[in-house]
Amino acid sequence: MQFKPATRMSRLGTETAFAVSGECAAFAAKGNKVYPFHLGDMNIKTPQNIIDAASKYMGAGKTGYCAAAGIAELREALAEDVGKARGLQYGTENCTIQPGGKPTIGKFLMSVMNESEGVLYPTPGYPIYESQIEFHSGKPLPYGYYEGNNGFKLNIDQIKEHIENNDVRALIYNNGQNPMGSESDEKEMRQIASIAKDNDLLVLSDEAYFDIRYSGKSQSIASLPGMQERTVILYTFSKKFAMTGWRLGGAIGPQEIIEQMIRLNVNDESCSNHFIQYAGIEALKGDQSGHKEIVKTLKERRDIAVKMMNSITGVRCFKPETTFYLFPNVTEAFVRKGYGKGVKGMAKFRLDSLHQIGVSFCTRDHFGKRLAGEENEYIRLAYSGINVDQIEEGLTKLKEWLE
Ligand SMILES: Cc1ncc(COP(=O)(O)O)c(C=O)c1O
């Protein structure tokens, strides 16, 4: 039999960062030393109280199917927790549990976007946005960023231009941005909110890193006037509690949209893992020292990584107060080393770094297509899966190599 995939499969993208992991693992399997800065996974253990709760409830027989929306106790706890941290009120009816943060992206789009309707999304950005917009036959409308004095700024003009020229249904906004680690100041967030309200857009606010915070306070666009009723928040336990492989997350937003997403749950996975949802209650309501320890560990890593990157001639690196990513501008160092600018040169640069010094990272090109006018070259360093001594050793090698 000759198998031909369904046409729609050609529209499905992927997370190419996982391919970098494969290359890195193959290189390490040959006995080579590798410094893994490429994948946003964590080498930090889930807090023990959460592990204990999962064992307890698995032992207690919470092993059958449960409600497609999620167990009521966790929905209630999550609605309360998310609301409190954002100064908003949510009820159980505003919340559905998901197997991770990621499923919220596709389910939100399936619930709100018709064929050919436009959806604004960030690039560089989490690549699943574009993949899911295209897969579900929407019109992808990417918006970019530029470097401000103190971090990356969102290209508001690009958003406005898309709105002028397209039938736009929704906007995806990732504050606490992967891959850039950036976030909006109040003015920028208000501008985005005004655009959403003026054009009656629905908003998916990807808040995967809301609680990975080194100073200051995270803000949600849902908390701005008139925004709660048009915003679905993507929540995940993955980063806050180092639970990436547990697959537990949620969507919090207007009841009418959440109800559609629950219908999709029934069709997709029936329900999220039953006993893990009880562990989720412990995560939200139990002892928070594990979470605090995770942030402390990440902060130590960030501090050393930012300092070392900025010590490299021809590299400029902002210091993010959230996420666990750095997105240094390496243009000058890259050109000095003789690489030609653009996607090809960057791909070679990345592989040479892996093969010559064992330092593995992603580049701008793992996070969506380049937009016209992008002139700088960036790499993304994740410090969630690498300890301080290895950060020091790896980035010393990178410095020597680049200089
Ligand atoms: C911006 C962003 N959104 C969503 C997710 C998905 O989170 P989860 O692993 O919980 O599915 C990630 C994971 O890396 C992310 O970086």
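Coordinates for the structure precede this section.
Calculation criteria
Residues numbered from 1 in each chain as written. Predicted model: local features only at pLDDT ≥ 70, side-chain atom pairs only at ≥ 80, totals over all residues. Heavy atoms only, no water. Helix = DSSP H or I, 4+ residues; strand = E, 2+ residues; numbered from the N terminus. Rg over C-alpha atoms; globule rule 2.2 N^0.38 Å. Contact = heavy atoms within 4.5 Å. Areas by Shrake-Rupley, 256 points an atom, 1.4 Å probe, with all protein chains shown as cover. Lys, Arg positive; Asp, Glu negative; His and termini not counted. Charge placed at Lys NZ, Arg CZ, Asp CG, Glu CD. Salt bridge = Lys/Arg side-chain N within 4 Å of Asp/Glu carboxyl O. Buried < 20%, exposed > 50% of the residue type's maximum accessible area, 1.4 Å probe, protein only. 1 Å grid on protein atoms, 1.4 Å probe; cavity = no way out; pocket = protein on both sides within 12 Å on 5 of 7 lines; lining within 4 Å. Points joined across faces, edges and corners; volume = space filled by probe spheres on them. Nonpolar A, V, L, I, M, F, W, Y, C, P; charged D, E, K, R; others polar. Near = heavy atom within 4 Å. Polar contact = N/O pair within 3.5 Å; in protein donor to acceptor, adjacent residues only side chain to side chain. Sits in = over half its atoms within 2 Å of the grid points. Axes fitted to C-alpha atoms, helices over the stretch in contact; angles between N-to-C directions. Left-handed = near helix turned anticlockwise from the far one by under 90°. Phe/Tyr/Trp six-rings, centres within 6.5 Å; stacked < 30°, edge-to-face > 60°. Lys NZ or Arg CZ within 6 Å of the ring centre and 35° of its normal.

(A) Broad picture of the overall build of the protein chain. Scanning the protein chain for helices and strands turns up 13 helices and 14 strands. Compactness check: the protein chain gives a C-alpha radius of gyration of 21 Å against a globular reference of 22 Å for 403 residues, within 12% of the reference. Relative to all contacts within the protein chain whose residues are 6 or more apart in sequence, the contacts with residues 24 or more apart total 73%. Summing over all exposed atoms, the protein chain offers an accessible surface of approximately 17,400 Å²; the carbon and sulfur share of this is 49%. One finds the centroid of the 48 positive side-chain charges in the protein chain at a distance of 4 Å from the centroid of its 49 negative side-chain charges.

(B) Looking closely at the pattern of salt bridges. Per the stated rule, a full pass over the model turns up 22 salt bridges. Note that Glu130 is salt-bridged to Lys369, the shortest N-O span being 3.2 Å. With a gap of 239 residues between them, Glu130 in helix H5 (residues 128–135) and Lys369 in the loop between strand E13 (362–363) and strand E14 (379–382) connect regions that are remote in the sequence. Taking relative accessible area as the criterion, Lys369 reaches 53% and is therefore assigned exposed. Put simply, Asp365 and Arg370 hold a salt bridge, and the shortest N to O gap is 2.7 Å. Given the relative accessible area of 22%, Asp365 is considered partly exposed. A single network of salt bridges, built from pairs that share partners, joins Lys299, Arg302, Asp303, Lys319 and Glu321.

(C) Quick look at the layout of surface pockets. For the largest pocket, the calculated volume is near 470 Å³. In terms of lining residues, the largest pocket is bounded by 26 residues, among which Glu15, Gly40, Lys102, Tyr126 and Lys239 are the most central. Those elements that provide at least two residues to the lining of the largest pocket are helix H1 (17–29) and strand E9 (231–236). A per-class count over the lining of the largest pocket returns 12 nonpolar, seven polar and seven charged.

(D) The site of the ligand, seen in detail. Taken together, 14 residues surround the ligand, and among them Asp206, Tyr209, Thr236, Ser238 and Arg247 come closest. Measuring from an oxygen atom of the ligand, one finds a side-chain N or O atom of Tyr209 at 2.7 Å. Side-chain polar atom of Arg247 to an oxygen atom of the ligand: 2.7 Å apart, as the coordinates give it. Expressed as a share of its isolated accessible area of 390 Å², the protein-covered part of the ligand is 93%. Cavity membership is defined here by more than half of the atoms lying within 2 Å of grid points; on that basis the ligand lies in the largest pocket. When grouped by side-chain class, the residues that make up the shell around the ligand number four nonpolar, six polar and four charged.

(E) Quick peek at the packing of helix H4 (residues 103–112) against H5. Contact pair H4 / H5: the axes reach a minimum separation of 10 Å and the direction vectors enclose 35°. Handedness of the H4/H5 crossing: right-handed. Taken together, the residues of H5 that come into contact with H4 (itself represented by Ile105, Gly106 and Leu109) are Ile128, Tyr129, Gln132 and Ile133. Tallied by class, the residues present in the contact of H4 with H5 amount to five nonpolar, two polar and no charged.

(F) Here's a closer look at the packing of aromatic side chains. In total, this model carries 17 aromatic pairs according to the counting rule given. When the centroid spacing of 5.4 Å and the interplanar angle of 90° are considered together, the rings of Tyr209 and Phe324 count as edge-to-face. Taken as a pair, Tyr209 in the loop between strand E8 (202–206) and E9 and Phe324 in the loop between helix H10 (289–310) and strand E11 (325–326) lie far apart in primary sequence, 115 residues in all. For the pair Tyr209 and Phe324, a shared accessibility class is recorded, and that class is buried. Put simply, the rings of Phe334, Tyr339, Phe349, Phe361 and Trp401 pair up and form one aromatic cluster. A cation sits over an aromatic face here: Arg86 above Phe210, 3.6 Å from the ring centre.

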